[in-house]
Amino acid sequence: GVGGEWGMPMWAFYVNRGQGIAAFGVENKDNPLLEFEPANKAYADTSLKGFRTMLKVERPGDAEILAQPFFEPSQKHTKRTMLVGMNELEIVEVDKTTGIETRVLYFTIPGE
């Protein structure tokens, strides 16, 4: 998490693209850790500039698989789900071709 001994307030702006987090910071939108952009730019840029997951999967007897969940636009063989709670955001991607299920869970820092 982001915070010192006494913690710090943290904000996040999420969209339904990529891994969800379009911008975040600890003070205000003028001093973000990940640049705050208006919604129309965030929708276009989050998959490219936001958080990324890269996987290298080695299975006995199979060829090595390199994957980037949440990166490419949804394909027919890929199912994505976004779950939003009062203090959490979870994104799930299931790729039927590779058999890889990837989950990302963001949640608030306790005590903030």
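This text follows the structure it describes.
Residues numbered from 1 in each chain as written. Predicted model: local features only at pLDDT ≥ 70, side-chain atom pairs only at ≥ 80, totals over all residues. Heavy atoms only, no water.

**Student:** Explanation requested: the overall build of the protein in the structure shown.
**Tutor:** Scanning the protein for helices and strands turns up 1 helix and 8 strands. Listing the helices and strands of the protein from first to last along the sequence gives β-β-β-α-β-β-β-β-β. Across the protein, contacts joining residues at least 24 apart in sequence account for 34% of those joining residues at least 6 apart. When the accessible surface of the protein is totalled, it reaches about 7,900 Å², and 55% of it is carbon and sulfur. (Helix = DSSP H or I, 4+ residues; strand = E, 2+ residues; numbered from the N terminus. Contact = heavy atoms within 4.5 Å. Areas by Shrake-Rupley, 256 points an atom, 1.4 Å probe, with all protein chains shown as cover.)

**Student:** Explain the pairing of strand β8 (residues 100-107) here, please?
**Tutor:** Looking down a regular strand, the side chains alternate between one sheet face and the other. Covered by surrounding structure in β8 are I100, T102, V104 and Y106 only, the residues E101, R103, L105 and F107 on the alternate face being uncovered. Where strand β7 (residues 88-95) meets β8, 8 bridges bridge the pair, whose relative direction is antiparallel. In the strand pairing of β8, V92 is matched with R103. With antiparallel pairing between neighbouring strands as the criterion, β7 and β8 make up a hairpin whose turn holds 4 residues, including G99 at a positive phi of roughly 75°. (Buried < 20%, exposed > 50% of the residue type's maximum accessible area, 1.4 Å probe, protein only. Pairing = 2+ DSSP bridges.)

**Student:** Got a minute to help me understand the pairing of strand β2 (residues 21-25) in this structure?
**Tutor:** Of all 5 residues making up β2, 5 are buried, and the element is well covered by its neighbours. Strand direction decides the pairing type here: strand β1 (residues 11-14) and β2, joined by 4 bridges, are antiparallel. Note that in β2 the partner of A12 across the bridge is F24. Taking the residues between adjacent antiparallel strands as the criterion, β1 and β2 are bridged by 6 residues, where G18 takes a positive phi near 50°. In sequence, β2 turns back onto strand β3 (residues 32-34) through a hairpin of 6 residues.

**Student:** Explanation requested: a nonpolar patch on the surface in the structure shown.
**Tutor:** There is a patch of nonpolar side chains on the surface, built from Y14, M82 and V84 and spanning about 260 Å² of accessible area. Along the chain, M82 falls in strand β6 (residues 78-84). (Patch = residues over 30% accessible without salt bridge, like charges linked within 9 Å, V, L, I, M, F, W, Y side chains within 5 Å. Salt bridge = Lys/Arg side-chain N within 4 Å of Asp/Glu carboxyl O.)

**Student:** What exactly am I supposed to notice about the side chain of E93 here?
**Tutor:** In this structure, E93 sits in strand β7. With a relative accessible area of 7%, E93 lands in the buried category. At a separation of 2.9 Å, a polar atom in the side chain of E93 contacts the main-chain amide nitrogen of F70. A polar contact is formed between the side chain of E93 and the side chain of R80, at a distance of 2.6 Å. Excluding anything up to four places from it in sequence, E93 contacts P69, F70, T78, K79, R80, I100, E101 and T102. (Polar contact = N/O pair within 3.5 Å; in protein donor to acceptor, adjacent residues only side chain to side chain.)

**Student:** Looking at this structure, I do not really get the packing of aromatic side chains. What am I missing?
**Tutor:** The description of an aromatic ring pair rests on the distance of the ring centres and on the angle between the ring planes. Across all of its chains, the model carries 3 aromatic pairs by this definition. Centre to centre, the rings of F13 and F36 are 5.5 Å apart; their planes meet at 55°, and the pair counts as tilted. Residue F13 is located in strand β1, and its partner F36 is located in the loop between β3 and α1 (39-49); the two are separated by 23 residues in the primary sequence. For F36, a relative accessible area of 31% puts it in the partly exposed group. (Phe/Tyr/Trp six-rings, centres within 6.5 Å; stacked < 30°, edge-to-face > 60°.)

In short, shape yes, function no, at least from these values alone.
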